[in-house]
Amino acid sequence: MFEMPKEQDWICEHAERVVCVDIDGTITVGGPWKGEEQFSMVRPTARRALVELRRRGYIIVLHSVRKRKDLVYQWAKREGLDFDYIETKAYARYYIDDRAIGFRGSWLDVLQEVKT
């Protein structure tokens, strides 16, 4: 697994190659939160999209409110997901960001918005 260096300079220098992808409701089919150890089914199109992002040269960060990175890592490996790093994000009702690509259920739409 790729461990992203914490040095701010490195992150800034490589930010154009980093894609953060949410797990619950984006990689997985949405559903009620069942706890840290429970994951919903992976969308088949999500697997293919992660492979495509890798092919395009992106560093893939799984970005989740889940605090147990060890459980996320084990689950992602078991599911055969292509990723480099796992990062914990703050829990919030909304994430407003100038670089966001909204996920509306279609990985094809997302891939069309991501530049090659």
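What counts and what doesn't
The residue numbers shown here count from 1 along each chain, following its written sequence. Per-residue local features of the predicted model are confined to residues with pLDDT of at least 70, and side-chain atom pairs are confined, for both listing and counting, to 80 or more; whole-chain, interface and lining totals are unaffected and use all residues. In computing side-chain properties, one takes all heavy atoms of the structure into account and sets aside hydrogens as well as water. We count a stretch as a helix when DSSP gives it H or I for four or more residues in a row; a strand needs E for two or more, and each element gets its number in order from the N terminus. Any pair of residues with heavy atoms lying within 4.5 Å of one another is described as a contacting pair. The pairing criterion is simple: DSSP has to find at least two bridges between the two strands. In this description, a line fitted to the C-alpha atoms serves as the axis of each element, helices being fitted only across the stretch in contact, and the angle between N-to-C directions of two axes falls anywhere from 0 to 180 degrees. Pairing of aromatic rings covers Phe, Tyr and Trp, the last through its six-membered ring, and needs centres within 6.5 Å; plane angles under 30 degrees mean stacked, over 60 mean edge-to-face, and all others mean tilted. The classification of residues rests on relative accessible area computed with a 1.4 Å probe and restricted to protein chains. Under 20% of the type maximum is buried, over 50% is exposed, and intermediate values are partly exposed. Any carboxyl oxygen of Asp or Glu within 4 Å of a side-chain nitrogen of Lys or Arg constitutes a salt bridge here.

Caption draft 1: Expanded view of the environment of I27. Its place among the elements puts I27 in helix α2 (residues 23-27). Between the C-alpha atom of I27 and that of M41, which follows or precedes it by 14 residues, the distance is 8.6 Å. Not counting the four nearest positions on each side in its chain, I27 is found in contact with V21, D22, M41, V42, R43, A46, L50, L62, W75, L81 and W107.

Caption draft 2: Inspection of the sheet that holds strand β2 (residues 59-64) at higher detail. Spatially, the three strands line up as an open sheet ordered β1-β2-β3, and their pairing is parallel. Looking at the sheet topology across the chains shown, the edges are occupied by β1 (18-22) and β3 (85-88). Each strand of the sheet is rotated relative to its neighbour by a mean of 30 degrees, with strand direction disregarded. Two elements, β2 and β3, share four bridges in a ladder whose sense is parallel.

Caption draft 3: Representation of the packing of aromatic side chains within the structure. In this structure the tally under the stated criterion is three aromatic pairs. With a centroid separation of 6.0 Å and an interplanar angle of 80 degrees, the aromatic rings of Y73 and F83 are classed as edge-to-face. With Y73 in helix α4 (residues 69-78) and F83 in the loop between α4 and β3, the pair connects residues that are 10 residues apart, well separated along the chain. Here F83 falls in the buried class, since its relative accessible area comes to 6%.

Caption draft 4: Representation of the pattern of salt bridges. Applying the stated rule across the entire model yields nine salt bridges. In this structure, the salt-bridge partner of E16 is R99, at a minimum N-O distance of 3.4 Å. One end of the pair, E16, is in the loop between α1 (8-14) and β1; the other, R99, is in the loop between β3 and α5 (107-113), with 83 residues separating them in the sequence. In this structure, the salt-bridge partner of E52 is R55, at a minimum N-O distance of 2.7 Å. On the criterion of helical spacing, the pair formed by E52 and R55 is a turn pair, its members being three residues apart in helix α3 (residues 44-55). You can call E52 buried: its relative accessible area is 18%. Within this structure, E52, R55 and R56 form a network of salt bridges that share partners.

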